[in-house]
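Here is how the chains run, residue by residue.
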Amino acid sequence: MMDIEAIIYNPLLRAIFGLCIMGAVFGGACVVVWFERKLSADIQQRYGPMRVGPHGLLQLVADAIKLFTKEDIIPKNADRLLFVSAPILLMGSVFLMLVALPFGAIIIDGQSYVIAATEMDISILYIEAMSAISIIGIFMVAYSANNKYSVLGAFRNFARMIGYEVPLGICIVSVAIMAGSLNIVEIAEAQSPLWFIIMQPLGAFVFFIALMADMGRLPFDQNESEEELIAGWMTEYTSMRFGYCFFAEYIHLILGSMLVVLLFLGGWNLPAFLTDITILGIILPTAFFLLKVALVILGIIMIRWAVPRYRIDQVVDLSWKRLLPLSLLNLGWVIGLGLLGVY
């Protein structure tokens with residue numbers, strides 16, 4: 001057992017593993033972009049990308065070549081320092097979240113080893129804080145461009161994120177109370193007998209809606225709103241600077257879906273009779289976790305193409321008048337279950 005731990009916790013191997021995780025996340029973002037194009041085409045009864053590789057599989061390669069070779073334009077009256085550094089901050093928010101997010105687990109001889117760069121006692125609060133950094137990057141993008149449409153998109157983003165961070169945080173507190181920990185690994189492991197979505201379905205619903213709004217996914221993409229604001233906060237960006245902002249959004253989609261699975265859908269937990277088999281214990285927990293993440297992403301994408309965009313006033317009302325009271329009700333429910341000794 002000690003030999004296994006020595007291998008797993010070797011600093012060099014963990015650094016290599018961290019780089020592999022970063023590469024896997026970027027590769028996953030490419031797959032999600034292609035998948036969204038094809039799924040939206042199916043919903044709208046069209047083909048989608050078809051001419052670049054089989055079924056458009058190389059479309060992302062073509063897009064990357066286009067973005068790398070396009071002229072990198074900086075507006076004349078832009079704040080150059082902020083304009084250049086804002087996409088770096090957006091990507092930095094993603095990397096900082098990756099530090100504490102587990103990507104599954106390996107079970108060897110009944111002992112579980114979490115696949116994560118590091119494990120923190122307050123990892124769920126850390127992840128939430130690092131995710132919120134993106135709002136600073138969005139405001140830097142909008143303010144530095146000296147464009148009224150970009151600034152309007154940024155202020156819409158402020159109004160949306162401030163409203164939805166509150167019910168999102170209350171739902172996280174409810175989960176932490178039920179698990180008795182702020183460590184996201186312990187929260188996932190606490191769902192071994194019963195997923196939290198069963199014990200607090202209202203909290204899972206509020207968390208999912210608030211998370212979609214926090215990520216700016218339709219019907220909550222008022223910060224872009226092509227019909228009103230051209231492209232919103234990214235209007236003045238071209239070339240790979242636009243590419244960084246675009247990829248940051250899709251990576252946040254993947255990481256947000258992972259949070260849904262870790263907090264409410266049982267994480268990587270498997271029935272005991274499967275983990276008793278050594279080979280299955282190595283492969284299945286992570287595969288099961290990634291399958292659930294893929295299903296959550298599928299649901300988010302389908303909602304995008306099935307629900308029309310809300311007005312900004314409707315978005316604000318939904319947060320403060322609907323989701324906030326429901327999140328408080330769910331918190332009271334969790335406290336009541338605890339007083340009754342249910343968990």
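All values reported here derive from a predicted model rather than from experimental measurement.

Colleague: It is not clear to me how the packing of aromatic side chains should be interpreted in this structure. Could you clarify?
Modeller: Two aromatic rings, taken as a pair, are described by how far apart their centres are and by the angle between their planes. Evaluation of the coordinates by the stated rule reveals 14 aromatic pairs. For the ring pair Phe139 and Phe155, a centre distance of 6.1 Å and an interplane angle of 80° mean the geometry is edge-to-face. Taken together, the residues span a long stretch of sequence, with Phe139 in helix H6 (residues 134-145) and Phe155 in helix H7 (residues 148-179) at a distance of 16 residues. Taking relative accessible area as the criterion, Phe155 reaches 48% and is therefore assigned partly exposed. Centre to centre, the rings of Phe242 and Phe246 are 5.9 Å apart; their planes meet at 20°, and the pair counts as stacked. Of the two residues, Phe242 and Phe246 are both situated in helix H12 (residues 239-264); the distance of four residues between them amounts to about one turn of the helix. Aromatic ring contacts, followed pair by pair, group Phe26, Phe95, Phe242, Phe246, Phe247 and Tyr250 into a single cluster.

Colleague: Would you mind going over the layout of surface pockets with me for this structure?
Modeller: Gaps between atoms show up when a probe of the same size as a water molecule is rolled over them. Roughly 710 Å³ of internal volume is contained in the largest pocket. Residue lining of the largest pocket: 33 residues in total, with Val33, Arg37, Phe242, Phe246 and Tyr250 positioned closest to the centre. Sorting the residues of the lining of the largest pocket by element identifies helix H2 (11-43), helix H3 (59-69) and H12 as the ones contributing at least two each. The dominant element in the lining of the largest pocket, judged by the number of residues it contributes, is H12, at eight residues. Computed from the structure, the second largest pocket encloses a volume of approximately 380 Å³. Here the lining of the second largest pocket takes seven residues from H2, the largest share from any one element. Its residues assigned to classes, the lining of the second largest pocket shows 15 nonpolar, two polar and no charged.

Colleague: Sorry if this is basic, but what is going on with unusual backbone geometry here?
Modeller: When glycine is set aside, most residues are seen to have a negative phi, and most peptide bonds are trans. Of note in this structure, His55 is not a glycine but carries a positive phi near 55°. In this structure, His55 sits in the loop between H2 and H3. Classification of His55 as exposed rests on a relative accessible area of 52%. Despite not being glycine, Asn146 shows a phi value in the positive range, around 55°.

Colleague: I keep staring at empty space enclosed by the protein and nothing clicks. Help me out?
Modeller: Taken as a whole, this structure holds one cavity of 30 Å³ or more when the rule is applied. For the lining of the largest cavity, the element with the highest residue contribution is H12, accounting for seven residues. Taken together, the residues that form the lining of the largest cavity break down as 13 nonpolar, seven polar and five charged.

Colleague: What should I look at first to understand the pattern of salt bridges in this one?
Modeller: Evaluated as defined, the whole model comprises seven salt bridges. In this structure, Arg241 and Asp72 form a salt bridge, with 2.7 Å as the shortest nitrogen-oxygen distance. Separated by 169 residues along the polypeptide, Arg241 in helix H12 and Asp72 in the loop between H3 and helix H4 (80-100) bring together distant segments of the chain. With a closest N to O distance of 3.8 Å, Asp317 and Lys321 form a salt bridge. One end of the pair, Asp317, and the other, Lys321, are both in helix H15 (residues 312-339), four residues apart, so they sit about a helical turn from each other. Through salt bridges with shared partners, a single network forms among Glu36, Arg217 and Arg304.

Colleague: Explanation requested: the environment of Met258 in the structure shown.
Modeller: Among the structural elements, Met258 can be located in helix H12. C-alpha separation for the pair Met258 and Ile297, spaced 39 residues apart in sequence, amounts to 9.1 Å. Those residues within four positions of Met258 in sequence are excluded, and the remaining contacts are Leu101, Pro102, Phe103, Phe289 and Val293.

Colleague: Would you mind showing me how to read the packing of H7 against helix H10 (residues 201-215) here?
Modeller: In a packed pair of helices, the relevant descriptors are the angle between the two axes and the axis-to-axis distance. Direction vectors running N to C along H7 and H10 enclose 150°, while the axes themselves pass 9 Å from each other. Classified by the angle their axes make, H7 and H10 are roughly antiparallel. For the element pair H7 and H10, the recorded crossing hand is left-handed. From H7, Arg160, Met161, Tyr164, Glu165, Pro167, Leu168, Cys171 and Ile172 reach across to H10, where they touch Gly203, Val206, Phe207, Ala210, Leu211, Ala213 and Asp214. Among the residues forming the contact of H7 with H10, the class breakdown is eleven nonpolar, one polar and three charged.

Colleague: Hey, could you run me through the environment of Ala100 in this one?
Modeller: Inspection of the secondary structure assignment puts Ala100 in helix H4. Owing to a relative accessible area of 3%, Ala100 belongs among the buried residues under this scheme. Measuring from C-alpha to C-alpha, the distance between Ala100 and Ile124 comes to 8.2 Å, with 24 residues separating the pair along the chain. Among residues more than four places away in sequence, those in contact with Ala100 are Thr118, Met120, Ser123, Tyr126, Ile127 and Ile184.

Criteria and cut-off values
Residues numbered from 1 in each chain as written. Predicted model: local features only at pLDDT ≥ 70, side-chain atom pairs only at ≥ 80, totals over all residues. Heavy atoms only, no water. Phe/Tyr/Trp six-rings, centres within 6.5 Å; stacked < 30°, edge-to-face > 60°. Helix = DSSP H or I, 4+ residues; strand = E, 2+ residues; numbered from the N terminus. Buried < 20%, exposed > 50% of the residue type's maximum accessible area, 1.4 Å probe, protein only. 1 Å grid on protein atoms, 1.4 Å probe; cavity = no way out; pocket = protein on both sides within 12 Å on 5 of 7 lines; lining within 4 Å. Points joined across faces, edges and corners; volume = space filled by probe spheres on them. Nonpolar A, V, L, I, M, F, W, Y, C, P; charged D, E, K, R; others polar. Salt bridge = Lys/Arg side-chain N within 4 Å of Asp/Glu carboxyl O. Contact = heavy atoms within 4.5 Å. Axes fitted to C-alpha atoms, helices over the stretch in contact; angles between N-to-C directions. Parallel < 35°, antiparallel > 145°, perpendicular 65-115°, else oblique. Left-handed = near helix turned anticlockwise from the far one by under 90°.

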